[in-house]
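Structural description and commentary
So the chains spell out like this:
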Amino acid sequence: MNGTAPHSSQTAADQATDHSRLWAALSALLFLPAALVTWVLTLASERASRCMTYGEQCGSSMPEWLFDWSVGLGCLAFAAALAAPMVRVRQAALAVQLLAECTALVVILSNA
């Protein structure tokens, strides 16, 4: 009469329906094309074209360290989402990864 048997079957069922590793890998894979599209959108703005053509208005509105930290945090969260053995930890890491990737994209877009 082991009291942990229902808990272990519930954990196995949770792990069978958990797709957080798949979503973490997919979002990491899609981050680079999203960053490229965001960068192209930024270059299409009037401010970026004036900066490239005349060298005017070439400042960024958000600090570059925010981009660096968000990309680094996204990479760490991606590694945690892949390596964590517990479902809740993987889901929390996926949420942090998505938030960090969105922050990095906003920083790119804010340079427009």
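Below, the structure is looked at part by part. (Residues numbered from 1 in each chain as written. Predicted model: local features only at pLDDT ≥ 70, side-chain atom pairs only at ≥ 80, totals over all residues. Heavy atoms only, no water.)

Re the overall build of the protein
- Secondary structure summary: the protein contains five helices and zero strands in total.
- Reading the protein from its N end, one meets helices and strands in the order α-α-α-α-α.
- The buried share of the protein, reckoned over its 112 residues, is 23%.
- Of the contacts formed within the protein by residues at least 6 apart in sequence, a portion of 73% connects residues at least 24 apart.
- Counting every atom, the protein has about 7,700 Å² of accessible surface; 71% of that belongs to carbon and sulfur. (Helix = DSSP H or I, 4+ residues; strand = E, 2+ residues; numbered from the N terminus. Buried < 20%, exposed > 50% of the residue type's maximum accessible area, 1.4 Å probe, protein only. Contact = heavy atoms within 4.5 Å. Areas by Shrake-Rupley, 256 points an atom, 1.4 Å probe, with all protein chains shown as cover.)

Some points on the packing of helix H2 (residues 20–43) against helix H5 (residues 87–110)
- Where H2 meets H5, the axes come as close as 9 Å, and the angle between the chain directions of the two elements is 5°. Classified by the angle between their axes, H2 and H5 sit roughly parallel to one another.
- Of the residues assigned to the contact of H2 with H5, the class counts are 14 nonpolar, six polar and three charged. (Axes fitted to C-alpha atoms, helices over the stretch in contact; angles between N-to-C directions. Parallel < 35°, antiparallel > 145°, perpendicular 65-115°, else oblique. Nonpolar A, V, L, I, M, F, W, Y, C, P; charged D, E, K, R; others polar.)

Section: the packing of helix H4 (residues 64–83) against H5
- Running from N to C, H4 and H5 point in directions that differ by 155°, and their axes come no closer than 8 Å. For the element pair H4 / H5, the angle class is roughly antiparallel. Once H4 is placed against H5, the crossing between them reads as left-handed. Side by side, H4 and H5 meet where Leu66, Phe67, Ser70, Val71, Leu73, Gly74, Ala77, Phe78, Ala80 and Ala81 of the first sit next to Arg90, Ala93, Leu94, Val96, Gln97, Ala100, Thr103, Ala104, Val107 and Ile108 of the second.
- Residue composition of the contact of H4 with H5, by class: 15 nonpolar, four polar and one charged. (Left-handed = near helix turned anticlockwise from the far one by under 90°.)

Considerations on the environment of Gln97
- Mapped onto the elements of the fold, Gln97 is located in helix H5.
- Assessed through its relative accessible area of 0%, Gln97 is described here as buried.
- Along the chain, Gln97 and Ala79 lie 18 residues apart, while their C-alpha atoms are 9.5 Å from each other.
- Engagement of the side chain of Gln97 in a polar contact is seen with the side chain of Ser27, the distance being 3.0 Å. (Polar contact = N/O pair within 3.5 Å; in protein donor to acceptor, adjacent residues only side chain to side chain.)

Some remarks on H5
- Under the 1.5 Å per step criterion, the end-to-end length of H5 is 35 Å for 24 residues, consistent within 8% with the ideal 34 Å.
- Listing the buried residues of H5 in full gives Val87, Arg90, Ala93, Leu94, Gln97, Ala100, Glu101, Ala104, Val107, Ile108 and Ser110. (Expected span 1.5 Å × (residues − 1).)

Let's talk about the side chain of Ser70
- If you trace the backbone, Ser70 turns up in helix H4.
- Look past the residues within four positions of Ser70 in its chain and what remains in contact with it is Ala100, Thr103 and Ala104.

So, the side chain of Glu101
- Summarising the element assignment, Glu101 is placed in helix H5.
- Of the side chains bearing the opposite charge, Arg21 lies closest to the buried Glu101, which forms no salt bridge; the N-O distance is 15 Å.
- Contacts of Glu101, omitting those with residues within four sequence positions, involve Ser27, Ala28 and Phe31. (Lys, Arg positive; Asp, Glu negative; His and termini not counted. Salt bridge = Lys/Arg side-chain N within 4 Å of Asp/Glu carboxyl O.)

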